[in-house]
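Now for the letters of each chain:
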Amino acid sequence: MSTATGSVRRTAGGPATAAVNTTGLAVTDDSVTIGILHSATGTMALSEGGSIQAEMLAIQQINEAGGVLGREIRIAQEDGASDWPTFAEKTRKLLAEDKVAAIFGCWTSASRKAVLPMLERHNGLLYYPTFYEGLEQSKHVIYTGQEATQQILAGLDWVRREKGAKSFFLIGSDYIWPRASNAIARRHIERNGCRVVGEEYVELGHTRFEAIVAKIKATKPDVIYPIVVGGSNVAFYKQLKAAGIDLGTQTLLTNSVTEDEMLGIGGDNIAGAYTCAKYFQGLDLPANRAFVANFKKMWGADSVIGDVTANAYIGPWLWKLAVEKAGSFDVARVTAASPGIEFKDAPAGHTRIHENHHLWTRTRVGRARRDGQFDVVHETRDLIEPNPFPEGFREIAA
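Residues numbered from 1 in each chain as written. Predicted model: local features only at pLDDT ≥ 70, side-chain atom pairs only at ≥ 80, totals over all residues. Heavy atoms only, no water.

## With respect to the sheet that holds strand 13 (residues 351-353)
Here's step 1: The strand order across the open sheet built from three strands is 12-13-14, with neighbouring strands paired in antiparallel fashion. Two strands close off the open sheet at either side, each with one partner strand: strand 12 (342-343) and strand 14 (359-360).
Here's step 2: Of the strand pairs in this sheet, strand 12 and strand 13 are connected by two bridges, and their pairing is antiparallel. Counterpart to Phe-343 in the pairing with strand 13 is Thr-351. (Pairing = 2+ DSSP bridges. Helix = DSSP H or I, 4+ residues; strand = E, 2+ residues; numbered from the N terminus.)

In structure tokens form, the structure reads like this:
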């Protein structure tokens, strides 16, 4: 189903459609259609709902400012339903039937991997908002989240340095991102003379963590390193607390809990834990204050904004900048125009697209508070150059 968001102040004398659409995309004299593809249902809806909201906000703002090349953005929205084959089929529909000019979507690496063949077959372009394991580069994807060097390795280095951590217990949901991320984490931990004292995986949607919590208590790691996703987070943190593990004294570092997940977990159950990310809702930056105010105005005063939500928000803006630089909606031209694109008003601060289609970004560490927000306790001074294939980790992708 296609919908329009906002209203465009039509730019008189804009480029002719024949000049900006030579590949049969859904572009008319007045509109351009894009796709939004996230899990609105299933276990991943807890995490992906914010991405949908952020993308819709960005599109509304772009439309209110005149659209893209003078054209109103229309939305064809589909539900991946927390199911990877469904993501692939919905991508095929958006590209082959709806002829969308770009897709903003996915969350898990499993969903991204599932849609890649469809993007290649139908020459599509995906803006992917989630921090991930890296070890991938595609001309069909702009990765607006962090890869391993900007999050996994940076976070582990921080916790070793600041907490003197020597032993780690790894936990993950059982799919591509947690397994690849933990393979990277284990190698980095052991290379630095530290130990992994436990490593466990659970199915998506898993809610019984008592056995794993018992192993954590028995092994007494310096750091609990959980990267479970979706609704499983709620059960895991509640059961940690119920078992008497105090995150005020037991160091826990995660990459998978943002303000979005904390809304479901409850601040009392996770206060004291650390998250490594590039964005936190409380960042005191002018662009972020405006973004948070606009997000809450659109989605309610009680809504919260996490790292992936902020990454999703910048996707439509980066696409708009690339389209206008290219002077065309054609995917090949937009892709060619993307490296070097800068977005100075991103909520997390100034960013730009690298030639490898990832973003230069700062890394931050936040400590969870009982009110569902984070105190930022660490921030890199400079933007970190993205390196999706760091030396010594490339074979993990095989």
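Back to the text.
## A closer look at the environment of Thr-380
Here's step 1: Relative to the helices and strands, Thr-380 is located in the segment after strand 16 (374-379).
Here's step 2: A relative accessible area of 18% means that Thr-380 is categorised as buried.
Here's step 3: Remark: the alpha-carbon pair of Thr-380 and Glu-324, spanning 56 residues in sequence, is separated by 31 Å.
Here's step 4: Discounting chain neighbours no more than four positions away, the residues touching Thr-380 are Arg-362 and Thr-363.
Here's step 5: Separated by 3.1 Å, the side chain of Thr-380 and the backbone oxygen of Asp-382 make a polar contact. (Buried < 20%, exposed > 50% of the residue type's maximum accessible area, 1.4 Å probe, protein only. Contact = heavy atoms within 4.5 Å. Polar contact = N/O pair within 3.5 Å; in protein donor to acceptor, adjacent residues only side chain to side chain.)

## Here we look at the pairing of strand 16
Here's step 1: Inspection of the sheet shows strand 15 (residues 364-368) paired to strand 16 by five bridges, in the antiparallel sense. Bridge assignment links Arg-364 to a residue of strand 16, and that residue is Glu-379.
Here's step 2: Where strand 15 folds back on strand 16, the antiparallel hairpin that results is connected by five residues, among which Gly-372 adopts a positive phi of roughly 90 degrees.

## Side note on the nonpolar core
One recurring pattern in soluble globular proteins: nonpolar side chains tend to sit buried together.
Here's step 1: Judged by nonpolar contacts, the single largest core of 47 residues is most densely connected at Tyr-127, Phe-291, Trp-319 and Phe-329.
Here's step 2: Counting only elements with at least two residues in this core, the list comes to strand 2 (31-38), helix 2 (45-64), strand 3 (72-79), helix 11 (286-299), helix 12 (307-326) and helix 13 (331-337).
Here's step 3: A per-element tally of this core places helix 12 first, with nine residues.
Here's step 4: Apart from the residues lying within four places of it in its own chain, the contact partners of Tyr-127 are Ala-102, Ile-103, Phe-104, Gly-105, Ile-142, Thr-144, Gly-315, Leu-318, Trp-319, Val-334 and Ser-338. (Core = buried A, V, L, I, M, F, W, Y, C linked by side-chain atoms within 4.5 Å.)

## A short note on the environment of Ser-39
Here's step 1: Within the secondary structure, Ser-39 sits in the loop between strand 2 and helix 2.
Here's step 2: With 69 residues separating them along the chain, Ser-39 and Thr-108 place their C-alpha atoms 9.9 Å apart.
Here's step 3: Non-local contacts of Ser-39, meaning those with residues more than four positions away in its chain, are made with Met-44, Ala-45, Glu-48, Asp-79, Gly-80, Ala-81, Ser-82 and Phe-87.
Here's step 4: Polar side-chain contacts of Ser-39 include one of 2.8 Å to the side chain of Glu-48.

## Considerations on empty space enclosed by the protein
Here's step 1: One pass over the structure, following the stated rule, counts one cavity of 30 Å³ or more.
Here's step 2: If you add up the space inside the largest cavity, you get close to 90 Å³.
Here's step 3: Contributing to the lining of the largest cavity are 15 residues, with Lys-278, Ile-314, Ala-346, Ala-348 and Gly-349 lying nearest its centre.
Here's step 4: Top contributing element to the lining of the largest cavity by residue count: helix 12, with three residues.
Here's step 5: Here the residues of the lining of the largest cavity sort into eight nonpolar, five polar and two charged. (1 Å grid on protein atoms, 1.4 Å probe; cavity = no way out; pocket = protein on both sides within 12 Å on 5 of 7 lines; lining within 4 Å. Points joined across faces, edges and corners; volume = space filled by probe spheres on them. Nonpolar A, V, L, I, M, F, W, Y, C, P; charged D, E, K, R; others polar.)

## Thoughts on the packing of helix 5 (residues 152-163) against helix 6 (residues 176-191)
Each pair of packed helices can be described by the angle between their axes along with the distance between the axes.
Here's step 1: The N-to-C vectors of helix 5 and helix 6 enclose an angle of 40 degrees; their axes lie 10 Å apart at closest approach. Accordingly, the angle class assigned to the pair helix 5 and helix 6 is oblique. For the pair helix 5 and helix 6, the sense of crossing is right-handed. Contacts between helix 5 and helix 6 involve Ile-152, Leu-153, Leu-156, Asp-157 and Arg-160 from the former and Ser-181, Ile-184, Ala-185, His-188 and Ile-189 from the latter. (Axes fitted to C-alpha atoms, helices over the stretch in contact; angles between N-to-C directions. Parallel < 35°, antiparallel > 145°, perpendicular 65-115°, else oblique. Left-handed = near helix turned anticlockwise from the far one by under 90°.)

## A few points about the packing of helix 3 (residues 84-97) against helix 4 (residues 109-122)
Here's step 1: Put simply, helix 3 and helix 4 touch, their axes get as near as 8 Å, and they point 30 degrees apart. Relative to helix 4, the element helix 3 is oriented roughly parallel. Helix-helix and strand crossings are classified by hand; for helix 3 and helix 4 the assignment is right-handed. Together, Trp-84, Phe-87, Ala-88, Thr-91, Arg-92, Leu-95 and Ala-96 of helix 3 and Ala-110, Ser-111, Ala-114, Val-115, Met-118, Leu-119 and His-122 of helix 4 make up the contact between the two elements.

## What to know about the sheet that holds strand 15
Here's step 1: Spatially, 8-7-9-10-11-15-16 is the arrangement adopted by the seven strands of the open sheet, whose pairing is mixed. In this open sheet, the two edge strands, each paired with only one partner strand, are strand 8 (195-202) and strand 16. With strand direction ignored, the average angle separating the axes of adjacent strands in the sheet is 25 degrees.
Here's step 2: Where strand 7 (residues 167-173) lies against strand 8, seven bridges are found, and the strand directions are parallel. By the bridge assignment for strand 8, Phe-169 is matched with Gly-198.

## Describing the environment of Ala-277
Here's step 1: Looking at where Ala-277 falls in the secondary structure, it is placed in strand 11 (residues 274-277).
Here's step 2: Using a relative accessible area of 3% as the deciding quantity, one classes Ala-277 as buried.
Here's step 3: Not counting chain neighbours up to four residues away, the residues in contact with Ala-277 comprise Gln-146, Gln-151, Asp-307, Thr-363 and Arg-364.

## A word on the confidence of the model for the protein chain
Here's step 1: Residues at a pLDDT of 70 or more form 96% of the protein chain, whose mean pLDDT is 95.
Here's step 2: Looking across the protein chain, the model is least confident in strand 1 (residues 2-4), with a mean pLDDT of 52, and most confident in strand 4 (residues 103-105), with 99.
Here's step 3: Note on residues 7-12: pLDDT under 50 across the span, and 18 contacts to partners over four residues away in sequence or across chains. (pLDDT = per-residue confidence, 0-100.)

## Observations regarding helix 12
Quick reminder: α-helices carry 3.6 residues per turn. Residues three or four places apart thus point the same way.
Here's step 1: A rise of 1.5 Å per residue sets the reference length of helix 12, with its 20 residues, at 28 Å; its end C-alpha atoms lie 29 Å apart and thus fit the reference within 8%.
Here's step 2: Burial analysis of helix 12 places 16 of its 20 residues in the buried class, the great majority of the element.
Here's step 3: Two residues or fewer after helix 12 comes Gly-327, characterised by a positive phi angle close to 65 degrees. (Expected span 1.5 Å × (residues − 1).)

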